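Now for the letters of each chain:
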Amino acid sequence: MTVPLLRVSQSARIGPRGISRARAEVPVQDVVFMAALHSGLDPQQVTEMLSGPMGAVLRALQRIGALVWDLPGVATLEVLAPRLPLTVPTQRPGPARLSRFAVLRRDGDGTHPWLLESGLSQYRLRLTDAGMVQLPGGAGWLGGLLDLAGFLDSQDARAEGWSVHDLLFQARTRSSMELRDPPARQRGVPPEAVQPEAAPLAVQLPPAAGPSPDEPSLWEATESRRTRRDFTGAPVTLACLGALLWRTLRVTGRQAADPADPLAYDVVFRPVPSGGSMHASDLWLLCRDVEGLRPGVYRYDPVRHGLVDVGGRLPTELPAPVVGIITARHKRTAWKYEPFALALELKDLGVQLMALQLSAPTVGLGVVPIGSGGTDEIGDALGVDPLVDAPIGEFLLGVLDA
């Protein structure tokens, strides 16, 4: 009968001083131990070894994600999160039910082309085609690996209220970050810091004047902040729109990458912060009623502080004089923060929306953040590929009653 074997992960590196993984190294000098680990230790051998002098080494290797449980010809169980205890699997006597949070997908065309993940698990299971056939039953040693990793339904009640996708997103952008492989920045040049611009500005926006004497403090603005939808119906003026974007989203400075550093990249500075000063977001404005501006779709140029007419499709009905859409040039963020790029983009979005809401009343405008949007519809309206310029947030903009 085939039994699972504990082996060194393919992502770990064996060097003269020991075994390393994810920027951590465990010293290993015992040649016999290394040979045994290379061949694979069965569950009984691992249990015996954990109680002996090499137990500490095994636990240390597990903590840095350097070990996998390999069920030959069937599946391989990989660690995703650091500091997990080394658990020995046991056979399951009968069929088992997969968790409702388990997600199965194809991942490449190698010997283990199927990948099983779950937001409740800090492991991932790679399956062969033969393993896929055995998966529905979940008995024997495969069932033991599923149970060890938390892929069965025994823990589902803990996650009441979570959706499959939300829980997987939360787990993969936080608890498993430390054991990720180096991001894509190791494999190419970074995307541009700001959108390359060749088109002329449709309109040059005026900058904001300095704060007036009666302008509220940050504390007062935060305390009095409310989301108001009672727009007056008056057109938004270019002066007010320019003042709002000048205060919040314009580029205030740039710093070129050091050409001698292959991991360096151009950084951008704005009044709002961004993870790693990446500032990979862009603002698009669907303008229905802006004084002195032809109705249409525009992109804000934060360097020149103006609007570029992109010739997109303006919807026939807009719920406000201006609808703002924020997109992320995901490839730029992922170049540095690939495992959790979207999570950072969403945090940047929250900062931007808060800045817009706090600044808008000082120039007579109101900003209403929108909690959801249709990605394909937005892509069609802007004339962009949502996988390149990913829509991540929307807001309504209009004039407030004084």
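Residues numbered from 1 in each chain as written. Predicted model: local features only at pLDDT ≥ 70, side-chain atom pairs only at ≥ 80, totals over all residues. Heavy atoms only, no water.

Enquirer: Report on unusual backbone geometry, specifying residues and quantitative values.
Expert: In this structure, Arg-83 takes a positive phi of about 65° despite not being glycine. Structurally, Arg-83 can be placed in the loop between β6 (75-79) and β7 (102-106). For Arg-83, a relative accessible area of 55% puts it in the exposed group. Of note, the phi angle at His-305 is positive, near 55°, even though the residue is not glycine. By secondary structure assignment, the location of His-305 is in the loop between β14 (296-301) and β15 (306-309). A relative accessible area of 3% means that His-305 is categorised as buried. (Helix = DSSP H or I, 4+ residues; strand = E, 2+ residues; numbered from the N terminus. Buried < 20%, exposed > 50% of the residue type's maximum accessible area, 1.4 Å probe, protein only.)

Enquirer: Give me the pairing of strand β5 (residues 67-71): which residues, what numbers.
Expert: Most of β5 sits out of view: five of its five residues are buried. Where burial is concerned, the two faces of β5 agree: the one with Leu-67, Trp-69 and Leu-71 and the one with Val-68 and Asp-70 are both buried. In this sheet, β5 lies alongside strand β1 (residues 5-8) in antiparallel orientation, the contact comprising four bridges. What sits directly across from Arg-7, in β5, is Val-68. (Pairing = 2+ DSSP bridges.)

Enquirer: Let's hear about the sheet that holds β6: which residues, and what values?
Expert: Ordered by their spatial adjacency, six strands build an open sheet running β1-β5-β6-β9-β8-β7, and the pairing between neighbours is antiparallel. In this open sheet, the two strands that pair with only one neighbour each are β1 and β7. Strand after strand, the sheet turns through a mean of 25° between neighbouring axes, direction not considered. In the packing of helix α6 (residues 164-172) onto the sheet, contacts are made with β7, β8 (114-118) and β9 (123-127), and the angle to β8 comes to roughly 90°. (Axes fitted to C-alpha atoms, helices over the stretch in contact; angles between N-to-C directions. Contact = heavy atoms within 4.5 Å.)

Enquirer: Could you give me a rundown of the pattern of salt bridges, with the residues and numbers involved?
Expert: Under the counting rule described, the total for this entry stands at 16 salt bridges. With its nearest N and O atoms 3.6 Å apart, the salt bridge here joins Arg-17 to Glu-25. For Arg-17, a relative accessible area of 58% corresponds to the exposed category. Given a relative accessible area of 39%, Glu-25 falls into the partly exposed group. We note a salt bridge from Asp-282 to Arg-329, for which the minimum N-O separation is 2.8 Å. With Asp-282 in strand β13 (residues 281-287) and Arg-329 in strand β16 (residues 322-329), this residue pair connects regions lying 47 residues apart in the sequence. Salt bridges sharing partners connect three or more residues here, namely Glu-78, Arg-105, Asp-107, Glu-117, Arg-124, Arg-126 and Arg-172. (Salt bridge = Lys/Arg side-chain N within 4 Å of Asp/Glu carboxyl O.)

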